[in-house]
Structures are given as structure tokens and as C-alpha cells.
Amino acid sequence: MTTAEQTGATQAETAEETHGVTLTDAAAAKAKALLEQEGRDDMHLRIGVQPGGCAGLRYQLFFDERTLDGDLFREFDGLRVAVDRASAPYVSEAVIDFVDSIEKQGFTIDNPTATGSCACGDSFH
């Protein structure tokens, strides 16, 4: 193996794997503000998928201080976002936004890889 090949192999081994979830600026700002309100700088936003809901799978979005084996991380304006390895394929192209309007307030998930969802908006397949 040449020196260039060894360097490339070493960089590939040390590079942190990431996930394909995207946070809008509004979502990142709101999540950071919520963490600052709580005085917590030791937590990250975790996005997961679990069986359940009326369509078969349910999103989970919460702050977490744990790092699980196999977690994939990505940073958005100083906010770390974690996705566990099992959930990553289900949310690989998801975009998380924060909406604040007269009709609705909260985080939304637009997931083009979902083949269907239910009326509640929290469940998909």
C-alpha cells in the first residue's frame, strides 16, 4: 500500500459517519433556544423512529445527553443532532422545520422516503 493509500485509509477510518437529516435554520434556532432556556449545553437533539402509531412507525424527537453505540451525528449552527443507526435509513432525507403560525406551532418533519402517513402527522410507513 502506498503512503497516499494509507493516508486515505486512515482518514476514512477516523471520519465521523453522519446521517442525512436536515434541520432548517428555524428548527436549529428553536432547539438551541430551548436548550439555553433549560441551561443545558451537554445535550443534543435526537431523532429516532420506533414501531407504533396508526401507520406503523412513529417519529421521536427529544433532547438527549446519552451517546449510543452506532449513533450518527451532524451539526447545525452549533446544535448536534443524533440519529441511531437503525433509524437512519427511515429518515435519510427528512427535513425538520419549526413552524410558528396562527394555526400551528411546533416542529414538523417532511420525510420524502415515507410512503404514507396518517392524519396525526406523527406516524408513517
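Residues numbered from 1 in each chain as written. Predicted model: local features only at pLDDT ≥ 70, side-chain atom pairs only at ≥ 80, totals over all residues. Heavy atoms only, no water.

An unreviewed UniProt entry annotates the chain as Iron-sulfur cluster assembly accessory protein originating from Amycolatopsis sulphurea.

### Regarding the pattern of salt bridges
The criterion, for reference: Any Lys or Arg side-chain nitrogen found within 4 Å of a carboxyl oxygen on Asp or Glu counts as a salt bridge. Where helices and strands are cited, they refer to DSSP runs of H or I of at least four residues and of E of at least two residues respectively, numbered from the N terminus. Between buried and exposed lies partly exposed: a residue is buried under 20% and exposed over 50% of the maximum accessible area for its type, with that area taken using a 1.4 Å probe on protein chains only.
Summed over all chains, the structure comprises six salt bridges. Here arginine 46 makes a salt bridge to aspartate 64, at a shortest N to O gap of 2.6 Å. Of the two residues, arginine 46 sits in strand E2 (residues 44-51) while aspartate 64 sits in strand E3 (residues 57-64), which places them 18 residues apart along the sequence. Residue aspartate 64 is classed as buried on the basis of its relative accessible area of 5%.

### Looking at the nonpolar core
For soluble globular proteins, the rule of thumb is that nonpolar side chains tend to be buried together. Quick note on the threshold: Grouping buried Ala, Val, Leu, Ile, Met, Phe, Trp, Tyr and Cys residues that are joined through side-chain atoms within 4.5 Å yields what is termed a nonpolar core. In this analysis, two residues are considered to be in contact whenever any of their non-hydrogen atoms come within 4.5 Å of each other.
Among the nonpolar cores identified, the biggest contains 21 residues, and Val21, Leu23, Ile47, Leu79, Val81 and Val91 are the most heavily contacted of them. For this core, the secondary-structure elements that each account for two or more residues are helix H2 (25-38), E2, E3, strand E4 (72-76), strand E5 (79-83) and strand E6 (95-100). The element that contributes the greatest number of residues to this core is H2, accounting for four residues. In contact with valine 81, not counting residues within four places along its chain, are His19, Leu23, Leu45, Ile47, Leu72, Phe73, Arg74 and Phe76.

### Quick look at the sheet that holds E6
Applied cut-off: Pairing between two strands is assigned when DSSP locates at least 2 bridges connecting them. The convention used is that axes are lines fitted to C-alpha atoms, helices contributing only their stretch in contact, and that angles between N-to-C directions extend from 0 to 180 degrees.
Spatially, E1-E6-E7 is the arrangement adopted by the three strands of the open sheet, whose pairing is mixed. Since the sheet does not close on itself, it has two edges, and those belong to strand E1 (22-23) and strand E7 (105-110), each with one partner. Summarising the sheet, E6 and E7 pair through six bridges and their orientation is antiparallel. If you follow aspartate 97 over to E7, its bridge partner there is threonine 108. Across the face of the sheet, H2 comes into contact with E1, E6 and E7 while running at roughly 75° to E6.

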